[in-house]
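Fold and geometry: a report
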Amino acid sequence: MKARHKSHSPSSPPSDLTGDEIDYIERSSRFFEWLGGWSYDHRWIVVSLCTLLFGLCAYLAKDVRFDNSFEAYFDSDDPVYAAYLQYREDFGSDETSFIVYEAPDYRYGPWNIEVMAKIKSLTEALESEVPFVKEVTSLANVEFMDPVPDGIRIYELLEDFPDSQAELLAMRDKMLGKPMYVGGLLTADAAYGGIIIEMEKSSIDPLDEIRLDPEGGNAIENLYPQVSDDAIEAILSRPDYEGIRFYHTGDVPLNSTLNKLNKKESGVLLGISFAVVGALLYYFFRSVVGVVGPLAVISLSLLTAMAAVGVLGWKLDIMVGMLPTLLTAVGVADSVHIIAEFRSYYAALGDRREAVRKTLYLVGTPCLLTSLTTAAGFAAMSIAPIKAISRFGIYSSVGVIAAFFLSVTLLMVFLFFGRAKREGAASERELIRAKGGERFQRALAAVAGFDIRHRKAILAVSALLFAGSVAGIAQLRIDSNFMNEYSERVPVKIATEIADRTMGGSLNMSYLFDSGVQEGVKNPAFLRDIEKLQAQAELRDYAVGKTYSIVDIIKDINQTFHEGDPAYYVLPDNRELIAQYLLLYEMSGGEEIEEYLSGDYSRATLELRTKLVDSSKIGQLVDELDAYLEQDPLEASTLEITGMGALWLQLETYIMDSQVRGFLLAFSAIALMLCVLFRSVKVGLIAMVPNLAPVVLTLGGMGWFDYPLDYVRLLIAPVAIGIAVDDTIHHLTRLRHDFAATGSYEQALYKSMSGVGRALFITSAALVLGFLVFLFSVMDSRALFGVLLATTITLALLADFFLMPALVMTLKPFGPERSGHEREAGPLSTRELP
């Protein structure tokens, strides 16, 4: 039987071949063969185009900025987020800094007169020097009420600074008698104090409103919250406050730290990734070109992804810190396959240009298909309701596709360097060395032999592992905790843990009560609605540390009118008396109620200061309060939950939805692409098994070892399946190619393992080491994500080396083997390998 192809000119795209003569894979392969030759011959055009692309992408990406506020997670039309925005419009920004402090070397701690003088000075400095501050509240200036003959007197506690320690201790005792402040500005044992810094801006405000220097540009160092956080830290570090230990937490330092770490780690992890992957490439290829070429491809593809963010008008968020390492690991795969095949062809042919052409003929189409499937896996995340995840799916897909195009064009320029032709034929030793050396080839042959001899055992063990993993997935729980972002090396994590342990927590969740009428908050029944829910919330100390509402202020006024008698720390039953209290409070200079009431007195908030616990604990809190209200309904109001705690709760729902939908879409899209690629549902589904198995094993392990699925780890399934399928496509395509040439599944397996096995090993090693670079991150969530992805890729390589060949040998998806006479007649329809 004659080989079914015609000769064609390598200098132009082949157009003389019909569908009856070759299938579309052959057409695609010949196109890439032509493209390799064209790129090699017109290398300066390729370089010029890539230089223009670099300049354009750099220009488009120059104004992209970081934003890790909740706007990075939610769309503005999300109902929960819309309620949060309405809450902010009614009651102002809810972003704060919270400083807990102690003075263990002083007698009386925070209530030592010298320490209190420093806190008074500190309060004034924070209020006057920190950008974008609305109000600073501390023990030095907290609003305090005393009775006077004709009403009440409202003043700052230390308006007249005490002359003696005894006077200050008397003030401490008065403060401890005010429930509203205990747990917020001081602990019950008075060992810790607190400073609340309320901000007038939010991270989601327009750029021109959050610049410190209007002409200073959009670098994060010139934007809120970084400028506010830096100013606070600079003030706290002054020698004036020596002897006081500060623990700075809250929205401002948490968001600022995340922004700074994202910016810093993007560059640091990229550098480490380049070093690790570069060292690996040099070890295997022993060539500078084999290192510089792939890294140039990765660099430009990263810049292309950033340009996509700029073109779409997006901001960089928490996910972008993962992109450099992820794209470095993924983007190098095509380059490895191309360089590995090029070295083999060049050793066999001795002609650099011809080796480039034949390399792209063989691996161009598989590289295209693997890039499309990887991009499909990433793009599946675009349906996620979490905005940061959705956008990451899109711009990472852009980076993957860019890496492919650059691999089949720009990389050809790098392959030009070296002797164009080599005199004399290569020795057998040189040919083997080009494929990794004799030891490597023996190892690959041993794997193929093992697959042939033990395919039934491989399938049985795989089935048992799969079943155990499915049982583990059944135990997988959904949970998230913002503190899990950070390792113990990050100071703000330590500060937050101390604040949660000693004070009322650092996260805000609000219940918005609506009376439906103006002045409705003066209705005693309305206030009782707030009071009873507030009392129930305070019982849930596993999540709630402190509560605040207008009820606290009215009770305080009532107690003040009755000479401070604790028995009168209750709500009045008379609407007129409540109205008089509020009027008198405002006339006396009181300002606190503005934080809890809308302007028309129709709505009021109950603020819960919650600890930064797992979102499941917040969910438990909400469920329990909902159950209580079902038994004892509200009398005079309707209720809506909002605030950052509510957003975290909604995030948990989105995680489950994103994981299920994202994985199913990625699996379905990739399975469909493979079925179309191989023109066989059977082959396509066989190809999906070794890619599904590693993901199931990883998720099952997470379930067995109680690693919850959070908004970072939800990426594992769609990303892993998109990446893992690459090696399967290369291996299965080569198996198909070699089966067409040999007519024997056993011979095809030995030949394909020898030809592509080394490249599969190198790409998997690059992926594993690339993902393990996340271990250098000070963000624990990224480190664990890297370990889990590296584990999945390792399992995927094992599946491609053992499970997939066992399936092919058992199911024979390419048709029946040919007889010895048919094999002698020649291949079915492909070119012979060198």
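In this convention, every chain numbers its residues from 1, walking through the sequence in written order. Reporting in this predicted model follows two pLDDT cut-offs: at least 70 for local features of residues, and 80 or more for side-chain atom pairs to be given and counted; totals over whole chains, interfaces and linings ignore these cut-offs and use all residues. The side-chain quantities take in all heavy atoms of the structure and omit both hydrogens and water.

Some remarks on the overall build of the protein chain
Note the cut-off: In this description a helix means any DSSP run of H or I spanning at least four residues, a strand means any run of E spanning at least two, and both kinds are numbered starting from the N terminus. Here a residue-residue contact requires only that any non-hydrogen atoms of the pair lie within 4.5 Å.
Each helix and strand in the protein chain was counted, giving 27 helices and 10 strands. Along the first, second and third principal axes, the C-alpha atoms of the protein chain reach 115 × 55 × 45 Å. For the protein chain, restricting intrachain contacts to residue pairs at least 6 apart in sequence, the fraction spanning at least 24 positions comes to 79%.

Some words on the pattern of salt bridges
The condition that has to hold: In the sections that follow, a salt bridge refers to a side-chain nitrogen of Lys or Arg positioned within 4 Å of a carboxyl oxygen of Asp or Glu. A 1.4 Å probe rolled over the protein chains alone gives each residue an accessible area, and that area as a share of the maximum for its type sets the label: buried under 20%, exposed over 50%, partly exposed in between.
Across all of its chains, the model carries 22 salt bridges by this definition. One salt bridge in this structure joins Lys263 and Glu221, with 3.1 Å as the shortest N-O distance. Pair noted here: Lys263 is in helix H8 (residues 251–285) and Glu221 is in the loop between helix H6 (207–210) and helix H7 (226–236), with a separation of 42 residues, a long-range link. According to the relative accessible area criterion, Lys263 is partly exposed, its value standing at 36%. Glu221 sits in the partly exposed class, given a relative accessible area of 48%. With a shortest N-O distance of 3.6 Å, Glu488 and Lys493 are connected by a salt bridge.

Focus: unusual backbone geometry
For the bond from Tyr224 to Pro225, the omega torsion is 5 degrees, close enough to zero to count as cis. Mapped onto the fold, Pro225 is located in the loop between H6 and H7. Positive phi outside glycine occurs at Phe132, with the angle close to 65 degrees. If you trace the backbone, Phe132 turns up in the loop between helix H4 (113–129) and strand S2 (133–137).

Some thoughts on empty space enclosed by the protein
Rolled over the atoms, a probe as big as a water molecule pinpoints where empty space is left. Heads up, the condition is: A pocket, in this scheme, is an open set of points on a 1 Å grid over the protein atoms alone with protein on both sides within 12 Å along at least 5 of 7 lines, while a cavity is a set where a 1.4 Å probe fits but cannot get out; residues line either one if an atom lies within 4 Å of a point. Grid points are joined across faces, edges and corners, and a volume is the space filled by probe spheres set on the points. Only Asp, Glu, Lys and Arg are considered charged, only Ala, Val, Leu, Ile, Met, Phe, Trp, Tyr, Cys and Pro nonpolar, and every remaining residue, Gly among them, polar.
Evaluated as defined, the whole model comprises eight cavities of 30 Å³ or more. Lining the largest cavity are 28 residues, and of these Ile196, Glu198, Glu595, Tyr596 and Glu607 sit closest to its centre. Counting only elements with at least two residues in the lining of the largest cavity, the list comes to helix H3 (79–91), strand S1 (96–102), S2, strand S5 (193–199), strand S8 (544–549) and strand S9 (603–610). The class makeup of the residues in the lining of the largest cavity is 10 nonpolar, nine polar and nine charged.

Examining the confidence of the model for the protein chain
Note the threshold: Every residue is assigned a pLDDT by the predictor, reflecting its confidence on a scale from 0 to 100.
The share of residues in the protein chain with pLDDT of 70 or more is 90%, and the mean pLDDT across the chain is 84. Under a pLDDT of 50 for its full length, residues 824–834 has, in the predicted model, 35 contacts with residues more than four places off or in other chains.

Regarding the packing of aromatic side chains
For the record, the criterion: Stacked, edge-to-face and tilted labels apply to pairs of Phe, Tyr and Trp rings (six-membered ring for Trp) whose centres lie within 6.5 Å, assigned for plane angles under 30 degrees, over 60, and everything in between, in that order. Charges are assigned to positions over rings by a cutoff of 6 Å between ring centre and Lys NZ or Arg CZ, combined with an angular limit of 35 degrees from the ring normal.
Counting across every chain of the model gives 20 aromatic pairs. Seen in terms of ring centroids, Phe32 and Phe404 are 5.9 Å apart; in terms of plane orientation they differ by 85 degrees. Their pairing is edge-to-face. Placement of the pair is Phe32 in helix H1 (residues 24–41) and Phe404 in helix H12 (residues 387–407), with a sequence separation of 372 residues. Classification of Phe404 as buried rests on a relative accessible area of 2%. The interplanar angle of 80 degrees and the centroid separation of 5.2 Å between the aromatic rings of Tyr283 and Phe284 together place this pair among those described as edge-to-face. Taking the relative accessible area as the measure of exposure, Tyr283 reaches 51% and is therefore exposed. Accessibility expressed as a relative area gives 13% for Phe284, which makes it buried. Each member of the aromatic cluster is reached from another via a ring pair, and the members are Phe31, Phe32, Trp34, Phe404 and Phe405. In this arrangement the basic side chain of Arg43 is found over the ring face of Phe416, its NZ or CZ atom lying 3.6 Å from the centre. Here Arg352 stacks its cationic end above the ring of Tyr346, 4.7 Å away from the centre of that ring.

Overview of a nonpolar patch on the surface
Condition: Think of a patch as exposed residues, more than 30% relative accessible area, with no salt bridge, where like charges cluster within 9 Å and nonpolar side chains (Val, Leu, Ile, Met, Phe, Trp, Tyr) cluster within 5 Å. Here the accessible surface of atoms and residues is derived via Shrake-Rupley with a 1.4 Å probe, and residues count as covered only by protein chains that are part of the display.
There is a patch of nonpolar side chains on the surface, built from Leu56, Tyr59, Leu60, Val311, Leu312, Ile394 and Val398 and spanning about 600 Å² of accessible area. Top contributing element to the nonpolar patch by residue count: helix H2 (residues 43–61), with three residues. Residue position: Ile394 is located in helix H12.

Comments concerning the environment of Gly662
Among the structural elements, Gly662 can be located in helix H22 (residues 644–677). Residues Gly662 and Thr51, 611 residues apart in the sequence, show an inter-C-alpha distance of 36 Å.

Some thoughts on the sheet that holds S2
Note the following rule: DSSP-based pairing: two strands are paired if at least 2 bridges between them are found. Helix axes use the C-alpha atoms of the stretch in contact, all axes being lines fitted to C-alpha atoms, and the angles between their N-to-C directions lie in the range 0 to 180 degrees.
Ordered by their spatial adjacency, four strands build an open sheet running S2-S5-S1-S6, and the pairing between neighbours is antiparallel. For this open sheet the edge positions go to S2 and strand S6 (245–250), each flanked by a neighbour on one side alone. Taking each pair of neighbouring strands and ignoring which way they run, the sheet shows an average axis angle of 20 degrees. Where H8 meets the sheet, its contacts fall on S1, S5 and S6, and the angle it forms with S6 comes to roughly 75 degrees.

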